Amino acid sequence: MRYYFLARPWALNIGWLSSGAGLLLVGCTQLPAETRPSVAYSQTLENAAATDTSGYEMAPPRDPNGIGTYYLGRQIAHVMGHDGASWLERSGRQQEEGTDILLKELKLKPTDVVADIGAGTGFFSFQLAKKVPRGQVLAVDIQPEMIAALQTNKQRLRAANVRPVLGTTTNPALPADSVDLVLIVDAYHEFDHPREMGRAILHALRPGTGRLALVEYRAEDPNVPIKRIHKMSVEQARKEMAAIGLEFVESIETLPQQHLLLFRRK
């Protein structure tokens, strides 16, 4: 079962709003070298992940919008592919999600290295790039089509400090001990391998200062118009991050519909 790091329109309790992906999806037969992780580093992380896969349970889906895999009691949600990319760039997203508020709450420094996991077409990546003009944004996705779109948008926007990175379902291919902030927006709950991904993220964060910013729709709020399986509670998120060794810092509740949960590497 593959997963994709994408927001998905059928997570909403409303219908599909757009069927085309516009001009962002560009065919890609060979990826630039910068999008490929080190083979040796990838194998190291894959081997490390394989040694600790506790917390999983296979069972029939309780919710038809999820798969038959459960992690620490949470059913993992279904996802969609790159042909829904237009949803990531929808005109109302900034207002619906309070994206300007989110970027401000991250309190980035100009020299920070930021990883946008599930970058898609780069909706957040290219905004983050402006916040870290002397740093770098690692825009991670597992779909070659999204990497191609990121490359096209990077050239169009002349965002030299954005680096598209092709990851896998267990490894975001980030450099060890060197990332100041990892941002995951509305995607973590769909990871097929959340424990393996979490441990890889942990090893990528700077020891003592590296932070994870996890953004998920509020499961505690029935008025948020998103299907339950595509939401997460603070309690569940804290449990899953603690299981991989991340320390909870705070829950910021200034966004219209989502939790912004901050964790750090000890």
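Criteria and thresholds
- Residues numbered from 1 in each chain as written.
- Predicted model: local features only at pLDDT ≥ 70, side-chain atom pairs only at ≥ 80, totals over all residues.
- Heavy atoms only, no water.
- Core = buried A, V, L, I, M, F, W, Y, C linked by side-chain atoms within 4.5 Å.
- Buried < 20%, exposed > 50% of the residue type's maximum accessible area, 1.4 Å probe, protein only.
- Helix = DSSP H or I, 4+ residues; strand = E, 2+ residues; numbered from the N terminus.
- pLDDT = per-residue confidence, 0-100.
- Contact = heavy atoms within 4.5 Å.
- Phe/Tyr/Trp six-rings, centres within 6.5 Å; stacked < 30°, edge-to-face > 60°.

Draft legend 1. Examining the nonpolar core more closely. Among the nonpolar cores identified, the biggest contains 30 residues, and Ile117, Leu174, Val179, Val182, Ile184, Tyr188 and Leu246 are the most heavily contacted of them. Looking at this core, the elements with two or more residues in it are β4 (113-117), β5 (136-141), β7 (181-185), α6 (194-204), β8 (211-218), α7 (234-243) and β11 (258-265). With 4 residues, α6 is the largest single contributor of residues to this core. Core analysis: the second largest hydrophobic core is formed by 28 residues, Leu102, Val132, Ala159 and Leu255 among them.

Draft legend 2. Quick look at the confidence of the model for the protein. Here the protein averages 84 in pLDDT, and 76% of its residues register 70 or above. In the model, residues 14-35 has pLDDT below 50 throughout and makes 40 contacts with residues more than four positions away in sequence or in other chains.

Draft legend 3. Geometry of the packing of aromatic side chains. Counting across every chain of the model gives 4 aromatic pairs. Arranged with centres 5.0 Å apart and planes meeting at 40°, the rings of tyrosine 56 and tyrosine 71 form a pair that is tilted. Of this pair, tyrosine 56 sits in strand β1 (residues 56-58) while tyrosine 71 sits in strand β2 (residues 66-71); the two residues are 15 residues apart in sequence, bridging distant segments of the chain. Look at phenylalanine 123 and phenylalanine 124: their rings are 5.1 Å apart centre to centre, the planes differ by 85°, and that puts the pair in the edge-to-face class. The class of phenylalanine 123 is buried, set by a relative accessible area of 15%. Taking relative accessible area as the criterion, phenylalanine 124 reaches 4% and is therefore assigned buried.

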